[in-house]
Amino acid sequence: MKTNYKFHKEDEITVLTGAGISAESGIKTFRDRDGLWENHRIEEVASPIAFSKNPEMVWKFYKQRYLQLAKVSPNPAHFALKKLEDFSGSNFNLITQNVDGLHQIAGNQNVLEMHGSLRHCFCSKCLQSFEIKEIDLDQIIPKCTHCTGNLRPDIVWFGEMPYKMEIIDKILENTKYLIVIGTSGIVYPAARFLSIAKYFGAKAIEINLEYPLNSTVLDEFHQGKAGEMLPELIERWIS
Ligand code: OAD
């Protein structure tokens with residue numbers, strides 16, 4: 001596997017992951033060939049309007065996604081990123097669009113979950129947050145124990161502002177490498193991260209099954225499954 005790079009401990013290294021990194025763990029990506037996400041159109045279950053119109057259906061959907069987490073584990077791509085963080089220490093940043101928590105289970109610590117987390121929810125009325133494991137999921141629409149408002153999954157839905165953007169902007173300005181893994185590059189603002197990091201002088205590397213839309217800004221593209229390619233690539237980058 002050919003790569004032109006060797007990383008040093010003092011290099012700032014940033015990784016952006018999308019659903020593709022968890023595909024080999026058995027979690028479906030969002031934009032499969034049928035255009036549906038676990039039998040739903042994304043807008044049906046991932047927007048504030050969908051939640052206000054039909055909270056029951058949205059909760060049913062996210063409860064299934066949450067319960068699925070008990071059956072999945074990190075794959076070799078997640079563990080390879082733990083190895084990269086061990087190498088780079090505080091110079092390592094992992095930005096993820098994923099809400100499955102598999103990076104943390106693999107042992108990564110500096111994880112920025114820009115689209116929220118399936119393991120958390122918050123009250124749509126008083127904003128109190130809860131871990132899903134504290135909630136009685138037998139309730140059709142789980143209620144806040146403080147004010148009885150409707151709880152909602154702590155997921156950044158369409159039309160909402162992703163988390164940690166101030167920190168992410170600074171990281172993109174300063175990173176020496178941006179490694180993008182398993183994202184279609186369709187959803188903003190993450191789709192813009194490559195060109196921002198490139199503008200500030202970073203080297204851009206991508207690993208994906210398919211050639212990405214924003215491929216013009218890449219310095220290296222590695223086509224294939226992240227779980228099969230990443231362990232070897234990281235070994236080369238840090239050896
Ligand atoms: P997508 O489903 O849009 O894209 C998944 C990408 O992973 C595609 O480019 C695939 O080619 C690639 N892929 C699939 N299997 C792979 C593998 N084994 N190894 C490497 N690459 C693989 O998912 P995202 O780009 O993550 O937001 O979607 C972005 C956001 O859209 C999600 O975070 C989600 C959705 O709306 C929220 O739910 C808030």
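All values reported here derive from a predicted model rather than from experimental measurement.

Asks: It is not clear to me how the packing of aromatic side chains should be interpreted in this structure. Could you clarify?
Replies: One pair of aromatic rings is described through two measures. These are the centre distance and the angle between the planes. Throughout the structure, instances matching the rule amount to eight aromatic pairs. Arranged with centres 5.4 Å apart and planes meeting at 65 degrees, the rings of Tyr 5 and Tyr 177 form a pair that is edge-to-face. Of the two residues, Tyr 5 sits in the segment before strand 1 (13-17) while Tyr 177 sits in strand 7 (residues 177-181), which places them 172 residues apart along the sequence. For the pair formed by Tyr 5 and Tyr 177, the shared burial category is buried. The cationic tip of Arg 65 hangs over the ring face of Phe 61; the distance from NZ or CZ to the ring centre is 4.7 Å.

Asks: Hey, could you run me through helix 9 (residues 226-238) in this one?
Replies: In an α-helix, one turn spans 3.6 residues, which is why side chains three or four residues apart end up on the same side. Helix length check: helix 9, at 13 residues, gives a terminal C-alpha distance of 17 Å against a target of 18 Å (1.5 Å per residue), a fit within 8%. Taken together, the buried positions of helix 9 are Ala 226, Gly 227, Met 229, Leu 230, Leu 233, Ile 234, Trp 237 and Ile 238. Looking straight down helix 9, one finds that the buried residues subtend no more than 155 degrees of arc, so they occupy a single side. Among the structural elements, helix 1 (20-23), helix 5 (76-88), strand 7, strand 8 (203-208) and strand 9 (220-223) are those in contact with the buried residues of helix 9.

Asks: Explain the site of the ligand here, please?
Replies: Taken together, 22 residues are adjacent to the ligand, and Arg 31, Val 156, Thr 183, Ser 184 and Asn 208 come closest. Contact between the ligand and His 115: an oxygen atom at 2.8 Å from a side-chain N or O atom of the residue. Within the side chain of Ser 184, a nitrogen or oxygen atom sits 2.5 Å from an oxygen atom of the ligand. Looking at the shell around the ligand, its residues break down into eight nonpolar, 10 polar and four charged.

Asks: Is there a simple way to explain the sheet that holds strand 5 (residues 129-131) in this structure?
Replies: Each strand in a sheet pairs with another by means of backbone hydrogen bonds, the pair being arranged parallel or else antiparallel. Strand order in the open sheet formed by three strands is 5-4-6, and the pairing between neighbours is antiparallel. Both edges of this open sheet fall to strand 5 and strand 6 (151-155), since each of them pairs with a single strand only. Neighbour to neighbour, the strand axes of the sheet diverge by 40 degrees on average, direction disregarded. Here strand 4 (residues 116-123) runs beside strand 6; their pairing, made up of four bridges, is antiparallel. Its bridge partner being in strand 6, Cys 121 is matched across the sheet by Pro 153.

Asks: I keep staring at helix 7 (residues 165-174) and nothing clicks. Help me out?
Replies: Within helix 7, burial applies to Met 165, Ile 168, Ile 171 and Leu 172. Projected down its long axis, helix 7 carries its buried residues within an arc of 115 degrees, all on one side. Turned more than 90 degrees off the buried face of helix 7, the exposed positions are Glu 166, Lys 170 and Asn 174. Buried residues along helix 7 sit in contact with strand 1, strand 2 (92-96), strand 3 (111-113), strand 7 and helix 8 (193-199).

Asks: Help me out: how do you make sense of the packing of helix 5 against helix 9 in this one?
Replies: To describe two helices that pack against each other, one gives the angle between their axes and the distance between the axes. Axis separation between helix 5 and helix 9 bottoms out at 7 Å; the angle between their running directions is 20 degrees. What the angle tells us is that helix 5 and helix 9 run roughly parallel. When the axes of helix 5 and helix 9 are compared, the crossing they make is left-handed. Of the residues in helix 9, those in contact with Pro 76, Ala 77, Ala 80, Leu 81, Lys 83, Leu 84 and Phe 87 of helix 5 are Ala 226, Gly 227, Leu 230, Pro 231, Ile 234, Glu 235 and Ile 238. Class assignment of the residues belonging to the contact of helix 5 with helix 9 gives a composition of 11 nonpolar, one polar and two charged.

Asks: Even after reading the chapter, I still don't get the side chain of His 115, so can you show me in this structure?
Replies: In this fold, His 115 is placed in the loop between strand 3 and strand 4. Within polar-contact distance, the side chain of His 115 engages the backbone oxygen of Gln 97 at 3.3 Å. Excluding residues within four positions of it along the chain, His 115 makes contact with Thr 96, Gln 97, Val 99, Asp 154, Ile 155, Val 156, Pro 162 and Val 187.

Criteria and thresholds
Here the residue index of a chain counts from 1 through its sequence in written order. Side-chain atom pairs in this predicted model are given and counted only at pLDDT of 80 or more, local residue features only at pLDDT of at least 70, and totals for whole chains, interfaces and linings cover all residues. Calculated side-chain values reflect all of the structure's heavy atoms, with hydrogen atoms and water omitted. Here the aromatic set is Phe, Tyr and Trp, taking the six-membered ring for Trp, and pairing holds for ring centres within 6.5 Å; pairs whose planes are under 30 degrees apart are stacked, those over 60 apart are edge-to-face, and all others are tilted. Going along the chain from the N terminus, every DSSP run of H or I of four or more residues is numbered as a helix, and every run of E of two or more is numbered as a strand. When a residue's accessible area, from a 1.4 Å probe over protein chains only, is under 20% of the maximum for its type it is buried; when over 50% it is exposed; and in between it is partly exposed. Consider the ring centre and the ring normal. A charge sits over the ring if Lys NZ or Arg CZ is within 6 Å of that centre and within 35 degrees of that normal. Here a helix's expected span is defined as the number of its residues, less one, multiplied by 1.5 Å. Each direction from the helix axis to a C-beta atom contributes to the arc, which is the arc of those directions. Any two residues whose heavy atoms approach within 4.5 Å are treated as being in contact. Here a residue counts as near a molecule or strand whenever at least one of its heavy atoms sits within 4 Å of it. Distance and chemistry together define a polar contact, namely a pair of N or O atoms within 3.5 Å, with one atom able to donate a hydrogen and the other to accept it when in protein, and with adjacent residues in sequence counting only for side-chain atoms on both sides. Residue classes follow a fixed rule: Ala, Val, Leu, Ile, Met, Phe, Trp, Tyr, Cys and Pro count as nonpolar, while Asp, Glu, Lys and Arg count as charged, and any other residue, Gly among them, counts as polar. One bridge is not enough; two strands pair if DSSP finds at least two bridges between them. Only the contacting stretch of a helix is used when fitting its axis, a line to C-alpha atoms as for every element, and angles between N-to-C directions run 0 to 180 degrees. Any angle that is under 35 degrees is reported as roughly parallel, and any over 145 degrees as roughly antiparallel; angles of 65 to 115 degrees are reported as roughly perpendicular and all others as oblique. Left-handed is the label given to a crossing in which the near helix is rotated counterclockwise from the far helix by less than a right angle, and right-handed is the label when the rotation is clockwise.

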